[in-house]
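Chains, contacts and geometry: an overview
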Amino acid sequence: MNTPSFNIATIERETGLSKDVLRIWERRYGFPVPDRDANGERLYPAQQLERLRLIKRLIDQGHRPGKLMAASDDTLAQWALKQPLRYTENAQSSEAHHALTELLSPIQQHDVAGYQHAMQQRLARQGLMHFVQHTVAPLAQEVGEAWASGCLAIFEEHLFTELTQRLLRQAIANLPRPTSRPRIVLTTVPEEQHALGLLMVESLLALEGATCIPLGTQTPLAEISRAVQAHQADIVALSFSSTFPKRQLTNTLQTLRQLLPPTVELWVGGNGVANQRSNQDYWVLPGLEEPLSRLAQWRAECLPPWHRLQQPPPHEHAKKI
């Protein structure tokens, strides 16, 4: 007996999940897993349609897509019977979460000036370091979850990213010009377009007095090597988002490592390397704290004692006002 299958337009209509969300879930979580018809178009079995309906219902109750994808059908059914959550599955007292929701409200209302004003006020209150760690980082995660669950349109996610990047670039430009080591080239490799994580790390490294050389995104590997030589850089820092093709990661890093002088460290960070481990070729620094720890270690290992004494203390922008 043949099981009925449905095309992506039907799935979109029956579940309320957009085609873009279905495709990104397929890449990010490995579900749904559609078949293909003779023309290569996606076909979804009836069982997957029912699971998607349940997942959409739970998302509307406040659950996050990543956790739902890993759960069994029985677990999803049990969660659906429970009291709906408010905002998050652990129902964070929700002051912090509510504050993030308030910050996202102007984006959803397409109020550019309102978002810029709210974020500038938050930056002034928190200082750059706390702003990056406790506002931009969790807000970026919130936006990613909202987009993946279909609660935020693609253009709204792009608007958030562009406005936030502008704000961080301006904040970095307002810092005193660094004169100390290490000299760090920051960029992404071809096929990696996301720059927000890179800017967050640059903000923190610049606050610690490192000399940052930003190349933007999608720099060819040979050009990264040329930039290292031109700037006499000590470190190359790369950012990888969860959308970067995992099958290309190892080969890309090995190729770049061969192009760099052996004395130049290679740092890789972001959600795209969360499951990787450091090795003799590169350091894996997935969060925002790890690059700062490695920076301190690098200075202790690579700079003579007299030079370390000249390193400036963290800038006043890092302190809460």
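Provided above is the structure to which this section pertains.
Since we're looking at a predicted model, the values are computed, not measured. (Residues numbered from 1 in each chain as written. Predicted model: local features only at pLDDT ≥ 70, side-chain atom pairs only at ≥ 80, totals over all residues. Heavy atoms only, no water.)

1. Some details on the overall build of the chain
Along the backbone of the chain there are 14 helices and eight strands. Looking at the 321 residues of the chain, the share that counts as buried comes to 46%. A separation threshold of at least 6 residues defines the contact pool for the chain, and within that pool the share at least 24 residues apart is 67%. Put simply, the chain shows about 17,000 Å² of open surface, and 50% of that area lies on carbon and sulfur atoms. (Helix = DSSP H or I, 4+ residues; strand = E, 2+ residues; numbered from the N terminus. Buried < 20%, exposed > 50% of the residue type's maximum accessible area, 1.4 Å probe, protein only. Contact = heavy atoms within 4.5 Å. Areas by Shrake-Rupley, 256 points an atom, 1.4 Å probe, with all protein chains shown as cover.)

2. Digging into the sheet that holds strand 7 (residues 265–269)
Read across the open sheet, the five strands follow the order 5-4-6-7-8; overall the sheet is parallel. Of all the strands in the sheet, the pair left with one neighbour each is strand 5 (210–214) and strand 8 (283–284). In this sheet, strand 6 (residues 235–239) lies alongside strand 4 (residues 180–187) in parallel orientation, the contact comprising four bridges. From the neighbouring strand, Val185 faces strand 6, where its bridge partner is Val236. On the sheet, helix 12 (residues 246–259) packs against strand 6 and strand 7 and is oriented at approximately 155° with respect to strand 7. (Pairing = 2+ DSSP bridges. Axes fitted to C-alpha atoms, helices over the stretch in contact; angles between N-to-C directions.)

3. Re the side chain of Arg42
Among the secondary structure elements, Arg42 is positioned in strand 3 (residues 42–45). Polar contacts involving the side chain of Arg42 include one to the side chain of Glu26, which spans 2.9 Å. If near-sequence neighbours (up to four positions away) are discounted, Arg42 is found in contact with Phe6, Asn7, Ile8, Arg23, Glu26, Pro34, Asp35 and Arg36. (Polar contact = N/O pair within 3.5 Å; in protein donor to acceptor, adjacent residues only side chain to side chain.)

Honestly, it's all geometry; don't read function into it.
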